[in-house]
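# Breakdown of the fold
Listed here are the chains, written in short residue letters.
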Amino acid sequence: MNNLAQNAGIKQDHYLQTIKKTPFYNRQKEWDKVNQWHRWGEYTVCDVFESIAKEYFAIRNSASLFDLTPMSKYRIKGPDALAFMNRLVTRDMSKIKVGRVAYVIWCDDAGQVLDDGTIFRLGENEYRLCSQERQLEILKRNAIGFDVEFWEETDEVAAISFQGPVTCRILRNMGFSDVETLKLFDLRYFDFQGEQILISRTGFTGDLGYELMVSPDKAEALWDAIFEAGKDYAVRPIGGNALELARVEAGFLQAGVDFLPANETIRPGCTRSPYELGMHWLVKLDKGVTFNGRRALINEQKNGSRYRFVKLDVEGNKTACNAYLFDRKNGKSIGATTSTAWAPSAKKNVALGYVEMPHGKSGDVVWAEIYYQKELKWNRVWAKCLVVDKPFWDPERKRLTPPADF
Amino acid sequence: MTNNYDILIVGGGHNGLICAAYLARAGKRVCVLEARGSFGGAAATEAITDKCRASTGAQFLYQLHPQIIADLALEKHGLRYARRNLPTTVLATDGKHLTINHDQLTGENVSAADQQAFSEFMDEMQAFAKIIGKLIDQPPMDIFDLDWDDKINSVKLGWALRFGLGKTRMRELLRIIGMTMFDLADEKFDNDLLKGALSFDSVLGTQFGARSSGNVLKYLFRHALSNKSEMDLPYGGMGSVVNAIEKSAAEAGVGLRSNAKVKSIDVENCRVVGVTLENGEKLIAGTVISNTDIRTTVLDLVGSRHFEADFVHATTNVRMRGVAAKLHLVLSEAPDFNGLDPELMKGRLLIAPSAEEVELAYNAVKYGELSERPLMEISIPSLCDDTVFDGDSDGDGDCHLLNATVQYAPYALKGGWNDENRAELIERCITQLERYSPDIRGKIQHVELLTPLDLEKRFGLKAGDWDHGEMALDQMLILRPVPGSSRYNLPLDGLHLCGASAHPGGGVMGAAGRNAARMILKGEAK
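Keep in mind the model is a prediction, meaning the values are calculated, not measured.

Secondary structure assignment for chain B yields 16 helices and 20 strands. By the compact-globule yardstick of 24 Å for 526 residues, chain B fits well, its C-alpha radius of gyration being 22 Å. Dimensions of chain B along its principal axes, counting C-alpha atoms only, are 65 × 60 × 50 Å. A total of about 19700 Å² of accessible surface is found on chain B, and carbon and sulfur atoms cover 49% of it.

Laid out in structure tokens, this is it:
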């Protein structure tokens, strides 16, 4: 058996590999006061370094660093790269020029969402795809008949998300000249200690912020340079919990939480189409070329969707965690919440969730039945929820170019 | 010449011609584009030597849909038979051959018990085949979105299963449908030659052995359209059948263009707009029907980028793996098979001496090798068809052609096909024939071997698979060619399939072409 595996070139020692540490691990560990970590992909990442409040407010009020290295990253390259991307995702990728990043979703043939992510157009025929879930198998079947090569580069790229109102100032302090001219979803290469650093004005917080990618060798140097340049700006590393709070407040979807990747579901009705996730703006049915899910989505437009994604402003101060949604108090169950939070900057009790069509139009009211525990005693409360169409948090600084100086 | 049609058909095999004829009779302007100089695909009569012409692909006619023969008036257009209701003789090395004539067995070693059991067996098989025939005759149901025709058909099918067959036979059908012919034949009969013949008919053209489960279903499919298992030899070879279809199509107004190889099926704004020929000529039509296999259609002619990824992936997984070669031997005089009655030599001859031998021959192909003792299905058309020879090569007027389908010779032969292993296969075939006809080697004047690779090159049969996709349960009915595309529509507006890749699959049946035409006309009526 061992010989067979060796002959087939299968690595024998994969089971010896314990959890991986990102190139930022040692630096992050210096900040760790509560020892709360979890596994993301093959890596260990921090939930919270010290306090979720301090970390969340670093995102909104100063500058925060979140280690993005475990995010799945793929390089796609070749003469057919644009055609490949355009067939993979629902957006019209011919509109995304070199130096731009696109937020995208991609579907299976049934028009059900596999994952969302970002596509970086690095060159005329070269892209980077970043996503929550692993995509190699999906890329492989999509590449049949296309002149492209693709490979995973998760481990080869150290990535960090740098978010907060003073981040631009700090990047300028680091000597990245003209970084303030980056518009939302722009990307640009800069020199960094003899290497190139990729800076994009992107993020998952709904705030001003950037994502920085370098080779793992330069990770610690980058970390140190940021803290050096930002020593007067209260920079701090943040864990996943603070980021989660910020992304719910910004109304962003999370794969595996707000929807399940269609290729990971078994039961019918547990997948979601782009329309059922409120992503109409990402689907370009008339882009003139075939893309995955196109035929099914045309049919869905004709015949109607099953669900509607809703952003809810929930009455009261009890978060609507794991709550059923009803058409009226004690009425018919029409859906459920998927992500909830007390949104500190919006100062609202918010929830993301789904309801069956035709419920949940903007301005409609639905009801959440919220269970909560106080000292082992369970209580129940009915909360009125207003369906809103705008993100709970969407500051002007997210888009303002150049960003305000500090 | 116009280059603007309602419908273009890519590939002038029998299904393409039949589909075209039906559509033209419904008033469509149809043109069939054939890459070769003649129509018919692997149903062809071609020169073997400068004086000998015969069926180089398929050789027996046993499945052509009777409704098609009637609808297209094929007999009026020249369909004739050299000989009908051919008996099948399973050759034995000791001369104690077994002849099967519908449900009658003749031969020295046939027991009364086997004779009795075989009559009952054939009666039962005919009843089962009739049920399968109902499935063949209509497009597969769309089980997720049944229309009224589907609902009526499924009720009819259920009725036929339960009340047509009766409780006992329905149970028997359900018992045997997933079985191996090895076990089923073993259960019912003693005679090895009979078990060999039944096994052979369950594996012909498919990478199955006697012990491959589900080959009983393949056997039933084979008989589904042949009334009482009749087999005929068309007069003038299989090419003459196609000539009749061609004439009928032409009379209906179908444009027929040979030497018109299609380079690409063209797509604009996510729908088919026509085709481009190898010579650069463009033809325009809103509907293109492909008579070639699904993989060639999707990956080579249209291009994977015009389809969604899961569909493309499914397409690449359609199993196509030809395992049969054609051997044509021009003989200086009629062969002698250990004293076989010359009348029976005009029938179908099998070398499949037992179910074990079928399985043994199959063993090799699993590993990409040639069978040591290949199985053969043989006709000697020159015994009953005066068109085969145009004068003898040696001038004494008694030349004959031995036309054999040889199994197993894998398309994906280990190391690839070359002169050496071609010679090896010919030698193994002749050695095998010598076991049954000891003096045959001295009579051979000319040998032509068509390996599965040659069949691909000559007839465009991808991977040498004349079924355009293995006829196995997971690639039949609503799963053929891939789930979701079983109703002759491919997931690209204006593109359809009408060939063997589509339900009900390979064989000179014509059902795929006819069903496709009906579905396309029905789709337009909506």
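There is more to say after this.
The next thing to look at is the domain arrangement of chain A. Residue and element names in this part refer to chain A. Looking at the assigned domains, one finds that chain A contains domain 1 (19–71 + 156–250), domain 2 (72–152) and domain 3 (307–390). The distance between the C-alpha centroids of domain 1 and domain 3 comes to 32 Å. Listed per partner, the contact involves 8 residues of domain 1 and 10 residues of domain 3. Interface of domain 1 and domain 3: buried area, both sides summed, is about 630 Å²; carbon and sulfur atoms make up 67% of it. It is Leu-245, Val-248 and Glu-249 that lose the most area in domain 1 upon contact with domain 3, and together they represent 66% of the buried surface on that side. For the interface between domain 1 and domain 3, the tally reads 0 salt bridges. At the junction of domain 1 with domain 3, the criterion picks out 4 residue pairs in polar contact (both at pLDDT 80 or more). Elements supplying a minimum of two residues to the side of domain 1 that touches domain 3: helix H3 (52–61) and helix H8 (240–250). At 5 residues, the largest contribution of residues to the side of domain 1 that touches domain 3 is made by H8. When the residues that make up the side of domain 1 that touches domain 3 are grouped by side-chain class, the tally is 4 nonpolar, no polar and 4 charged.

Okay, the side chain of Lys346(B) next. Residues and elements named next belong to chain B. For Lys-346, the location among the structural elements is in the loop between helix H12 (342–345) and strand S16 (348–351). Of the polar contacts made by the side chain of Lys-346, one reaches the side chain of Glu-343; its length is 3.0 Å. Ignoring sequence-local partners within four residues, the contact set of Lys-346 consists of Arg-83, Leu-86, Leu-233, Leu-383 and Cys-384.

Quick look at the sheet that holds strand S19 (residues 377–388) of chain A now. All names here are of chain A. Pairing in this closed barrel of 6 strands is antiparallel, and the strands run S14-S17-S16-S15-S18-S19 around the ring. Neighbouring strand axes in the sheet, compared pairwise and without regard to direction, differ in orientation by 40 degrees on average. Along the sheet, H8 contacts strand S16 (333–343) and strand S17 (348–356); its crossing angle with S16, the most-contacted strand, is approximately 125 degrees.

Calculation criteria
Residues numbered from 1 in each chain as written. Chains lettered and ligands numbered in written order. Predicted model: local features only at pLDDT ≥ 70, side-chain atom pairs only at ≥ 80, totals over all residues. Heavy atoms only, no water. Helix = DSSP H or I, 4+ residues; strand = E, 2+ residues; numbered from the N terminus. Rg over C-alpha atoms; globule rule 2.2 N^0.38 Å. Areas by Shrake-Rupley, 256 points an atom, 1.4 Å probe, with all protein chains shown as cover. Domains from an automatic or database assignment. Contact = heavy atoms within 4.5 Å. Buried area = accessible area lost by both parts, 1.4 Å probe. Salt bridge = Lys/Arg side-chain N within 4 Å of Asp/Glu carboxyl O. Polar contact = N/O pair within 3.5 Å; in protein donor to acceptor, adjacent residues only side chain to side chain. Nonpolar A, V, L, I, M, F, W, Y, C, P; charged D, E, K, R; others polar. Pairing = 2+ DSSP bridges. Axes fitted to C-alpha atoms, helices over the stretch in contact; angles between N-to-C directions.

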